[in-house]
Amino acid sequence: MSSVAVIDYGMGNLHSVAKALEFVQPGVEVRVTADHDQILSADRVILPGVGAIRDCMGEIRRLGIDAIVREVIDSGKPFLAICIGIQALMAHSEENGGVDCLDYFPGNALFFGTSLQDAQGERLKVPHMGWNQVWQSQPHPLWANIDDGSRFYFVHSYHIHSALPEQVCARSEYGVEFDVALTQNNVFAVQFHPEKSQNPGLQLLSNFLNWDGQPSCDPSTASSHTH
Amino acid sequence: MALAKRIIPCLDVENGRVVKGVQFLDIRDAGDPVEVAKRYDEQGADEITFLDITATHENRDTMVHTVEKMASQVFIPLTVGGGIRTCDDIRTLLNAGADKVSINSAAVFNPEFVREAADRFGSQCIVVAIDAKKVSRPGEIERWEIFTHGGRKPTGLDAIAWAKKMVALGAGEILLTSMDQDGVKKGYDLGVTRAISTAVSVPVIASGGVGNLDHLVAGIIEGKADAVLAASIFHFGEYSIPEAKRYMRSKGIEVRL
C-alpha cells in the first residue's frame, strides 16, 4: 500500500488534505507528521498550509523542515506543495515586510495591492478568495483528466511571479495575470487548494497519488478519478 | 473570465438536524446535515456554511462530530459557526475539518478575540458574522446597527463602522445578515450590503431574506456582494443550485458551472 506524508508544521488545517487523499484513494496511508524518518520513508510528500509567511518560515526553520524538504526533493520522490507551500518554495515573499523563503523556485511572492481592478475598472477585493479559472501553460501528468480552464478554489493575498517561464505550469488572472502552478523534476506546486476544489481538485490529488515524479506525460499511467 | 461569485447554501442546524426558521421562530425540518451538504456539493455549491443555532454546551460534541463527517465527504470550503468563544473552540472545529469559522456574538462582547483568532489561525479562516438592522426612520439618512441574540438585542454599534473595525482586527470575510428581512423572503437589505461591501477590503457574503433568484442577482449587482448565502429556497426544493447559477449567468454574473 502506498504512503503519503503530509508535513505538519503547525500551519493551518492539514486534515482536509488528509481526508481528500483518503477519499480519492481509499486505503492510502496518510501520515500527518513533522518527523524526519516518517516523511523520508513515505512514497510521496505534501507540503500544505495556510497562514502568513513569516510564521510559516519560522516554523519550517524551527522544526528543521527546510532540510527535510531539501532531502525529499533530492530523493526524487513526488512532492506536492499547496498554497503557502508554493510560496515557501520561492526565493522571497513581500509579505510581513519581506521574508526570505526556501529559494527552490527562482521568483517571488508579490502582494496583489490595494488598488486592484478588473478590466471594467471595478475594484477587486484582496484576499483573492473563491473559484477562479486555471489555464494550463504546459502539459503535465498532474493535469490528466482536468479540463483546461477548470475552476479551483483560491484564498491568498500574495501571488507567485516566477523568474523562469519554463517552470510555469498554469496561470490565472485577478486584476493581474499570475502563476498558479510551478514544476521542476519531481516537484509540483500549486497556489490553489486542490483539497477544496471538488472534482478537478480531487482529480489532481488522484493524479499526484499515481505520479512517479517524472515530468513526462505518459497517457497510459493516467487514471480517471470518479467522484 | 474572472473570479466567480459564490453561492453558499446555509445549513442552520439544531439538535443535529437542518432547520430553517422564519425570523428565527417557526422551525421546519430539512434533514440530516451531512446528507444535505453532500447534495449541495454534488449540485455545485461553492461553499457550505453550517451554523449551530442552538450552540449549547451539550450540543458541542454532536456539532464537532457532524463537522468531521461532513468534511470527510464534502470537498468544498466549509464554514462553521455558532457559539464560538475561544481559540480552543476554533482549534477543535478546524481539526474536525472546518476551513473557516464564523464568529458572531463573541466579537461584539470582546472584539480583541477577533485579533487573537486571526493572529493565531490566519485571517483566511476568520469570518465575522454581522447581524445588522436598519434603525433610521424613513426620510432620515440610512443607518444600520448591530444586533445580537437573534436580532433581539440592539448594541448601539454602527454597522458600517463595526465592519471596518472587524476587518482592521483581522477578519478575512464578513457574513452580513440583514435582520429586518431575514426569513421573510423579501430579499437582502441592499443598502447595508452595498455600504459595507464598498467600505471594506475583504469579501462580503450577503445573507437574509432570499425568496427568489432575482434576490441573489440583486445581492451581487446592486448589493456589490462577493457571495450570496441562502437557506430555505434551496432546502425545500424551490430552486436548485444549478438553476440559480444559470439564472445568475443569464444576468451577466460570472459563476462556476
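These numbers were taken from a predicted model, which means no experiment stands behind them.

What counts as what
Residues numbered from 1 in each chain as written. Chains lettered and ligands numbered in written order. Predicted model: local features only at pLDDT ≥ 70, side-chain atom pairs only at ≥ 80, totals over all residues. Helix = DSSP H or I, 4+ residues; strand = E, 2+ residues; numbered from the N terminus. Rg over C-alpha atoms; globule rule 2.2 N^0.38 Å. Contact = placed C-beta atoms within 7 Å. Buried ≥ 20, exposed ≤ 12 C-beta atoms within 10 Å, placed from the backbone. Nonpolar A, V, L, I, M, F, W, Y, C, P; charged D, E, K, R; others polar. Axes fitted to C-alpha atoms, helices over the stretch in contact; angles between N-to-C directions. Parallel < 35°, antiparallel > 145°, perpendicular 65-115°, else oblique. Core = buried A, V, L, I, M, F, W, Y, C linked by C-beta atoms within 7 Å. Pairing = 2+ DSSP bridges. Arc of directions from axis to C-beta. pLDDT = per-residue confidence, 0-100.

A. Broad picture of the overall build of chain B. Within chain B one finds 10 helices and 12 strands. The C-alpha radius of gyration computed for chain B amounts to 17 Å, which stays within 12% of the reference 18 Å derived for 257 residues, consistent with globular compactness. In terms of principal-axis extent, the alpha carbons of chain B reach across some 50 × 45 × 40 Å. By sequence separation, contacts in chain B at least 24 residues apart represent 64% of the contacts at least 6 residues apart.

B. Broad picture of the overall build of chain A. Across its full length, chain A carries six helices and 14 strands. In terms of overall dimensions, chain A is globule-like: its C-alpha atoms have a radius of gyration of 16 Å, near the 17 Å expected for 227 residues. On the principal axes, the C-alpha backbone points of chain A span a range of 50 × 40 × 30 Å. Counting over 227 residues, chain A shows a buried share of 52%. Within chain A, contacts between residues separated by at least 24 positions form 68% of all contacts whose residues are at least 6 apart in sequence.

C. Spatial organisation of the interface of chain A and chain B. In this assembly, 31 residues from chain A lie in contact with 26 residues from chain B. At the level of elements, α1 (15–24), β8 (128–133), β10 (151–156), β12 (168–174) and α6 (198–209) of chain A are the ones that each hand at least two residues to the side of chain A that touches chain B. Considering every element that reaches the side of chain A that touches chain B, the biggest residue donor is β8(A), with six residues. Tallied by class, residues from the side of chain A that touches chain B come to 12 nonpolar, 12 polar and seven charged.

D. Just the packing of α1(A) against α6(A), in detail. Residue and element names in this part refer to chain A. Interaxial distance between α1 and α6 falls to 9 Å at its minimum, and their mutual angle equals 75°. Accordingly, the angle class assigned to the pair α1 and α6 is roughly perpendicular. Between α1 and α6, the contacting residues are Ala20, Leu21, Phe23 and Val24 on the first element and Leu202, Leu205, Ser206 and Leu209 on the second. In terms of residue class, the contact of α1 with α6 is built from seven nonpolar, one polar and no charged.

E. Broad picture of the nonpolar core. In this structure, Val114(B), Ile126(B), Val128(B), Ala171(B) and Ile174(B) are the most contacted members of the largest nonpolar core, which totals 163 residues. Beyond its immediate stretch of four places on either side in the chain, Ala171(B) contacts Val114(B), Ala118(B), Ser123(B), Ile126(B), Val127(B), Val128(B), Met166(B) and Val202(B).

F. Summary view of the environment of Val204(B). All names here are of chain B. Within the fold, valine 204 resides in strand β11 (residues 204–207). According to the C-beta neighbour criterion, valine 204 is buried, with 26 such atoms within 10 Å. Each C-alpha atom, one on valine 204 and one on alanine 163, is 9.9 Å from the other, the two residues being 41 residues apart in sequence. Residues in contact with valine 204, not counting those within four places in the same chain, are Ile174, Leu176, Thr193, Ile196, Ser197, Ala225 and Asp226.

G. Layout of the environment of Val19(B). Residues and elements named next belong to chain B. For valine 19, the location among the structural elements is in strand β2 (residues 17–22). Of the residues examined, valine 19 has 20 C-beta atoms within 10 Å and is grouped as buried. In sequence terms valine 19 and leucine 169 are 150 residues apart; their C-alpha atoms lie 32 Å from each other.

H. Representation of unusual backbone geometry within the structure. All names here are of chain A. The residue after valine 126, namely proline 127, is reached through a cis peptide bond having omega 10°. Position of proline 127 among the secondary structure elements: in the loop between β7 (105–111) and β8. Of note, the phi angle at glutamine 198 is positive, near 45°, even though the residue is not glycine. Within the secondary structure, glutamine 198 is located in helix α6.

I. Layout of the pairing of β11(B). All names here are of chain B. Across the two faces of β11 the burial is the same, with Val204 and Ala206 and Ile205 and Ser207 all buried. Two strands pair when backbone bridges link them, and strand β10 (residues 173–178) and β11 are joined in this way by four bridges, in the parallel orientation. Counterpart to leucine 175 in the pairing with β11 is isoleucine 205. Of the pairings in the sheet, the one linking β11 to strand β12 (residues 227–230) comprises two bridges and is parallel in character. Within β12, the residue paired with isoleucine 205 across the bridge is alanine 227.

J. Molecular detail of helix α3 (residues 53–62) of chain A. Residues and elements named next belong to chain A. When we look at burial in α3, the residues that qualify are Ile53, Cys56, Met57 and Ile60. Buried positions in α3, seen along its axis, are confined to an arc of 90° and lie on one side of it. Residues of α3 that are buried sit in contact with α4 (65–75), α5 (84–88), β5 (90–93) and β6 (99–100). Glycine 64 sits one or two positions beyond α3 and adopts a positive phi of about 75°.

K. Highlighting the confidence of the model for chain A. Scored by pLDDT, chain A comes out at a mean of 92, with 94% of its residues at no less than 70. Below pLDDT 50 for its whole length, residues 218–222 of chain A participates in five contacts with residues either more than four positions away or in separate chains.

L. Structural context of the environment of Arg44(A). Residues and elements named next belong to chain A. On the secondary structure map, arginine 44 appears in strand β3 (residues 44–47). Taking the C-beta count within 10 Å as the criterion, arginine 44 has 23 such neighbours and is therefore assigned buried. In this structure, the C-alpha to C-alpha distance between arginine 44 and leucine 209, residues 165 residues apart in sequence, is 7.6 Å.

M. Local environment of the confidence of the model for chain B. Residue and element names in this part refer to chain B. When the pLDDT values of chain B are averaged, the result is 89; 92% of them are 70 or greater. The model gives residues 21–25 a pLDDT under 50, and that stretch makes 10 contacts with residues more than four places away or in other chains. Interface predicted TM-score (ipTM) for the complex: 0.91; the corresponding pTM is 0.93.

N. View of α1(A). Of all 10 residues that make up α1(A), seven are buried, and the element is covered over most of its length. Listed as buried for α1(A) are His15(A), Ser16(A), Val17(A), Ala18(A), Ala20(A), Leu21(A) and Val24(A).

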